[in-house]
Amino acid sequence: MSLRLPPPGTDGAVRLIRTSLPMLREDPQDCPRGNALRARPLIGQTPPGSRWKPVEDFALGPVMYALDAIEHDGVAVETVLARLRRNNKYHSGHTSWAESAVRSYLSAREARETQRRALGRPATLPVRAQWTAIAQREVPDQRGATRYERTAWGRRYESADGSERELWLLSVNSAKEDRPAAEIAEAAAVTATGVPCRSAFGDIFRPVSDRTTQPRRVRVVGVGCGHGDHVVLADYDIEEVERQFTEFAKPVLARMVEDDRLNAGSSCIRCQGLAGCAQPRRVPGILGVPGPRRPRARRSVSASDLRVHSRCPAQFHLTRVLHLRSGEPESEPIRRGRAVDDWLNLHHGNGCCRTVPLPETLPGLAPSEMATALAMLAEHQRACPLDGLPPDECIRVQPRLTAYDPELDVVLIADPDLLYTRSDGWIWHETKTAAKRPYAGKGLMETYPQLAFAVLLMSAGVPGGDPRRSLIELEVLYMDGPRCRSLCEEIDPGDPDTLAEARRVIAELAGPWAVDETYAPAPGNHCSGCDVLAHCAAGRAHLEAE
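So, how was this worked out
Residues numbered from 1 in each chain as written. Predicted model: local features only at pLDDT ≥ 70, side-chain atom pairs only at ≥ 80, totals over all residues. Heavy atoms only, no water. Pairing = 2+ DSSP bridges. Helix = DSSP H or I, 4+ residues; strand = E, 2+ residues; numbered from the N terminus. Axes fitted to C-alpha atoms, helices over the stretch in contact; angles between N-to-C directions. Contact = heavy atoms within 4.5 Å. Parallel < 35°, antiparallel > 145°, perpendicular 65-115°, else oblique. Left-handed = near helix turned anticlockwise from the far one by under 90°. Phe/Tyr/Trp six-rings, centres within 6.5 Å; stacked < 30°, edge-to-face > 60°. Buried < 20%, exposed > 50% of the residue type's maximum accessible area, 1.4 Å probe, protein only. Lys NZ or Arg CZ within 6 Å of the ring centre and 35° of its normal. Lys, Arg positive; Asp, Glu negative; His and termini not counted. Salt bridge = Lys/Arg side-chain N within 4 Å of Asp/Glu carboxyl O. Polar contact = N/O pair within 3.5 Å; in protein donor to acceptor, adjacent residues only side chain to side chain.

Participant: Would you take a moment to explain the sheet that holds strand S8 (residues 164-171) for this structure?
Facilitator: Two modes of strand pairing occur in sheets, parallel and antiparallel, and in both the strands are linked by backbone hydrogen bonds. Ordered in space as S4-S7-S8-S11-S12, the five strands form an open sheet in which the pairing is mixed. Looking at strand neighbours, the two that pair on one side only are strand S4 (124-127) and strand S12 (230-237), the edges of this open sheet. For this sheet, the mean inter-axis angle between neighbouring strands, taken without regard to orientation, is 25°. Across four bridges, the pairing between S4 and strand S7 (residues 155-159) is antiparallel. Paired with Val127 across the strands is Arg156, a residue of S7. Contacts between helix H2 (residues 61-73) and the sheet are confined to S4, S7 and S8, with S7 contributing the most and set at about 25° to the helix. Strands in contact with helix H6 (residues 238-256) are strand S11 (217-224) and S12; relative to S12, the strand with the most contacts, it is inclined by about 105°.

As structure tokens, this is what we get:
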């Protein structure tokens, strides 16, 4: 099917195609049609949705604000950081993290400049204008475009004579060394051929200089603002830039701007075409809560999000929205749970894992942690839910399921551990690991809100199939002294009492989340294991007072 532009529910011109680096990742969780639409920035939703956000939700926003002031305006570091602390646009925990991120970035810059001097290469200076590779046509091409703009977001540096350029790609936590070859090649190509431009919302990028000097060499550097690590991703002369672009980036760009496949997911929150899209399934009022007092930008939410928000809104904002992580080693239960999940996901793709030989070791676990994880896998194998499943049934491992509430303008996200068909119905299977038997005095869906989330989605027709034959399964692998045991429960999403209980559980969690505008900390016992404790004054004070 050819890409239809503009899609239903949108309006605008197709003459401009603008691409950015994330579009070249071909992430399986992204929506190809959504990316193709994002590449047409003059097309927008009609009527436009709200863009208002109570606090900044882009982790690197305050970092870039501070670095602009330091590098381009010459403002002292401490003065800029003091401005950050006074800016109500940012959550206090976000500001705290940004302060350390700015210092880490500046240290990385100093280290790399020292390296350049040691290699006899010229120093580089900050560049304010955004490098943009522009191709202009007199008549529209087969896509209807007359102008192509290729961008590469990051920090830009250039030697005084223009012979060398550097593009620094910022990551929130550690430096990304697994960027695809197409993304790195495109970053180098835009750095080499881009002209300094000024951007404006809803307009083309306009050159700010007539200078046409092309560098002889470019370097792409990845830097992790949270951890301060940095790595050279590319160091090319112009001939190598062209070769890398032609081999890796150019084919991906050609595919991306024309891809019409749909894949609903988290990327729906930024899609201008969601209102008229066939996916995801519409479920008005599914969360059972009123909306915020004033319209706000579209959001996504999962059961895990709601659970974290109910525990501590500040932790939710910092870890689930901004995705900040401390870098401290994860606890043994978390590592063990991930190792068990990874092994099951790998082998469930081929069906029942009952007869698969268990390994001697599992990635990410210490030798002392191995026995418990392997015992859990052996217990799962004893009653693998796929055992005896006919070969013509469908098995999906950790599929992304979505629904959309147009009243709240919220995209619901769920990733079942396992989803499979049986006699025309879908079975939603969740596997959990625990150090001990779950507490029996608390309701099952209160203990595991993702089960209540699953009930709401399945009752709304997600993922489909015969609702009378659909089922939700919970498998808990836990230690009972030296032995591993399993607890298995079944939930009928079509049972009226079950549905009513699920609605109550989710509404109690979603109500405060839906209207929250401050994400205030809620100190408690959970503070000791919080991933962002270093940036939460209330949490540290709570622990010091105990």
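Participant: Help me understand the packing of helix H7 (residues 303-311) against helix H12 (residues 449-459), please; the structure alone is not making it clear to me.
Facilitator: When two helices pack together, their arrangement is given by the angle between the helix axes and by the axis-to-axis distance. Between H7 and H12, the least distance of the axes is 9 Å, while the angle of their chain directions is 135°. One element, H7, and the other, H12, form an angle in the oblique class. As H7 packs across H12, the resulting crossing turns out to be right-handed. When H7 is examined against H12, the residues Ala303, Leu306 and Arg307 are found in contact with a partner set consisting of Pro449, Gln450 and Phe453.

Participant: Where do I start with the packing of aromatic side chains in this structure?
Facilitator: Here the distance between the centres and the angle between the planes together describe a pair of aromatic rings. Within the structure shown, the criterion is met by four aromatic pairs. Seen in terms of ring centroids, Phe316 and Tyr519 are 6.0 Å apart; in terms of plane orientation they differ by 40°. Their pairing is tilted. Placement of Phe316 in helix H8 (residues 313-321) and of Tyr519 in the loop between helix H13 (496-515) and helix H14 (537-545) is noted, with a sequence separation of 203 residues between them. Residues Phe316 and Tyr519 agree in their burial class; the two are buried. In textbook terms, an aromatic cluster arises when at least three aromatic residues are bridged by ring pairs, as seen for Tyr105, Tyr157 and Trp168. Here the basic side chain of Arg109 rests over the ring of Tyr157, its NZ or CZ set 3.5 Å away from the ring centre.

Participant: Would you explain the side chain of Arg296 in this entry?
Facilitator: Mapped onto the secondary structure, Arg296 falls in the loop between strand S13 (281-282) and strand S14 (299-301). Within the buried core, Arg296 has no salt-bridge partner, and the shortest N-O distance to an opposite charge, that of Glu517, equals 5.3 Å. Of note is the side chain of Arg296, whose polar atom sits 3.0 Å from the side chain of Tyr519. Beyond its immediate chain neighbours, meaning those up to four positions away, Arg296 contacts Ser50, Trp52, Pro54, Asp409, Ala514, Asp516, Glu517 and Tyr519.

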